[in-house]
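Descriptive analysis of the structure
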Amino acid sequence: MKLLSIRDLIPGMQVGMDIYNMQNQLVVPKGTVLTSNIINRLYDYSIRYVRISENETAPESISSPSYGERLKSSRTFQEFKQEFISNVYVIRDEFNDVVTKNTPINVDKLLEKTAATFSKADGTNVFDMLHNMREYDDSTYVHSLNVSLICSVLAKWLNLSKEDSDTLVLAGMLHDLGKLTIPDSIIKKPGKLTAEEFEVIKTHPVKGYEILESQTLPEAVKYAALMHHERCDGSGYPYGLKYNKIDRFARLISIADVYDAMTSARVYRGPISPFSVVDIFEKEGLQKYDPEYILVFLEHIVNTYLNNRVLLSDGRKGEVVLINKLALSRPLIQLANGFLDLSKPENKHITIEKIL
């Protein structure tokens, strides 16, 4: 027998040992041949590993459900999605009251909404959850919750204290508040912005800071709103600040902000492949972002996409089976008829277009 992650389970495999839930109740008996419905049931029971009979595995066919498809049909994902959408409405009302009425920000409520959404992942990687909601067009409220969730994960990766973790999550939630002052005709424009429109967009960090300035909040939260578009090489806005002049929480928020913005759908484009975003970070990250933070982020983020099925630019489908440490955006892909190492020079014309 071999022990497999639930991500690696394929319809047709045979269970090698009785599977029990947390209450020690039998869920799937030994000898059962797995189906998509049974695998989804395992997700629902938060079972993460299964013993499979060594000689009873069936190769995955191109028509079998991908990990993403199985995840989206699971009860865990449906509950996460329901909690997420419910909390977006709460965040919308809270934000609008702050912007239009200058009401005090309910810090505890915002942190609780992030924690409640995070808890619904129930052990499943939050990035998997967010990725499988990427077909929905983003909004400032959705983006704010996304970034706060990503910051929750970043805080764990960086072993931040409880106080710093809460500050980072709150900064992620409030960093784009200034965008609510920008006309919808610009924010939701389906085409390329004019130079004049982009200058208006670039005012949102200052406007966000002005909204938060009178609020009883950690200064780092206010600075994150002001500085999250600054870059360590001085190429950002609104002030062109360099590394040592940018608040450290703002340097963290900038990474989460860009990653979520690029991998989310927009009115003028679909979501960009996470591996394309990683490629951009690899090429410019050490200049534009805090080297300590971007390296930790990249090392961890690519591992969240192991075992996912992907669509390649040449139309082939495969599964990410190994991350290349020296080329994080160019992993080893298992195809139906062998392996493809995207890091090799002869394969540089092939990219990962989509995670399935």
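So, here is what we can say about the structure in this document. The shown structure was predicted, so the numbers you read here are calculated from the model rather than taken from an experiment.

Details of the packing of helix H3 (residues 75–101) against helix H6 (residues 140–157)
Their axes nearest at 9 Å, the elements H3 and H6 cross at an angle of 115 degrees. Relative to H6, the element H3 is oriented roughly perpendicular. Pair H3 / H6 crosses with right-handed handedness. Along the contact surface, H3 presents Phe 80, Phe 84, Asn 87, Val 88, Ile 91, Arg 92, Phe 95 and Asn 96, while H6 presents Tyr 141, Val 142, Ser 144, Leu 145, Asn 146 and Leu 149.

A closer look at unusual backbone geometry
In the segment running from Tyr 237 into Pro 238, the intervening peptide bond is cis, with an omega of 15 degrees. By the element assignment, Pro 238 lies in the loop between helix H11 (219–227) and helix H12 (248–263). Positive phi, close to 55 degrees, is recorded for Asn 159, a residue that is not glycine. Note that Asn 159 resides in the loop between H6 and helix H7 (162–174).

A word on empty space enclosed by the protein
Evaluated as defined, the whole model comprises one cavity of 30 Å³ or more. In this model, the largest cavity occupies a volume close to 50 Å³. In terms of lining residues, the largest cavity is bounded by Glu 230, Arg 231, Cys 232, Ile 246, Ala 250, Arg 251, Ser 254, Lys 288, Tyr 289 and Asp 290. Ranked by residues supplied to the lining of the largest cavity, first place goes to H12 with three residues. Taken together, the residues of the lining of the largest cavity break down into four nonpolar, one polar and five charged.

What to know about the environment of Val 302
Summarising the element assignment, Val 302 is placed in helix H14 (residues 291–303). Spatially, the C-alpha atoms of Val 302 and Lys 113 are 27 Å apart, while their sequence positions differ by 189 residues. Those residues in contact with Val 302 that lie beyond four places of it in its chain are Val 278, Ile 323 and Leu 328.

As for the environment of Gly 172
Its location among the elements puts Gly 172 in helix H7. Residue Gly 172 is classed as buried on the basis of its relative accessible area of 0%. Excluding residues that lie within four positions of it along the chain, Gly 172 makes contacts with Ser 144, Val 147, Ser 148, Cys 151 and Ile 253.

Topic: the packing of H7 against H11
Two elements in contact, H7 and H11, have axes whose closest approach is 9 Å; the angle formed by their N-to-C orientations is 35 degrees. When you trace H7 past H11, the crossing you get is right-handed. Along the contact surface, H7 presents Thr 167, Leu 170, Ala 171 and Leu 174, while H11 presents Ala 220, Val 221, Ala 224 and Ala 225. Among the residues making up the contact of H7 with H11, the classes are represented as seven nonpolar, one polar and no charged.

Description of the pairing of strand S6 (residues 317–322)
Where strand S5 (residues 309–312) and S6 come together, three bridges link them in antiparallel fashion. Each residue of the ladder has a partner; that of Arg 309, found in S6, is Glu 319. Linking S5 back to S6 in an antiparallel pair, the connection comprises four residues, with Gly 315 at a positive phi of about 95 degrees.

Rules used throughout
Starting afresh in each chain, residues are numbered from 1 along the sequence in its written order. Given that the model is predicted, a residue must reach a pLDDT of at least 70 before its local features are reported, and side-chain atom pairs must reach 80 or more before they are shown or counted; all residues, however, enter totals for whole chains, interfaces and linings. Calculation of side-chain values draws on the structure's entire complement of heavy atoms; hydrogens and water are dropped beforehand. Axes here refer to lines fitted to C-alpha atoms; in helices the fit is confined to the stretch in contact. Angles between the N-to-C directions go from 0 to 180 degrees. Working definition: helices are DSSP H or I runs of at least four residues, strands are E runs of at least two. Numbering for both runs from the N terminus. Convention used here: angles under 35 degrees read as roughly parallel, angles over 145 as roughly antiparallel, angles from 65 to 115 as roughly perpendicular, and any remaining angle as oblique. Note on convention: the crossing is left-handed when the near helix lies turned anticlockwise from the far helix by less than a right angle, right-handed when the turn is clockwise. Residue contacts are counted whenever heavy atoms from the two residues lie within 4.5 Å of one another. Buried and open spaces are told apart on a 1 Å grid over the protein atoms alone, a cavity being a set of points where a 1.4 Å probe fits but cannot get out and a pocket being an open set with protein on both sides within 12 Å along at least five of seven lines. Residues with an atom within 4 Å of a point are the lining residues. Grid points are joined across faces, edges and corners, and a volume is the space filled by probe spheres set on the points. Under the scheme applied here, ten amino acids are nonpolar (Ala, Val, Leu, Ile, Met, Phe, Trp, Tyr, Cys and Pro), four are charged (Asp, Glu, Lys and Arg), and all others, including Gly, are polar. To sort residues, take the accessible area from a 1.4 Å probe on protein chains only and compare it with the maximum for the residue type: under 20% means buried, over 50% means exposed, and anything in between is partly exposed. Paired strands, in this sense, are two strands between which DSSP finds at least two bridges.

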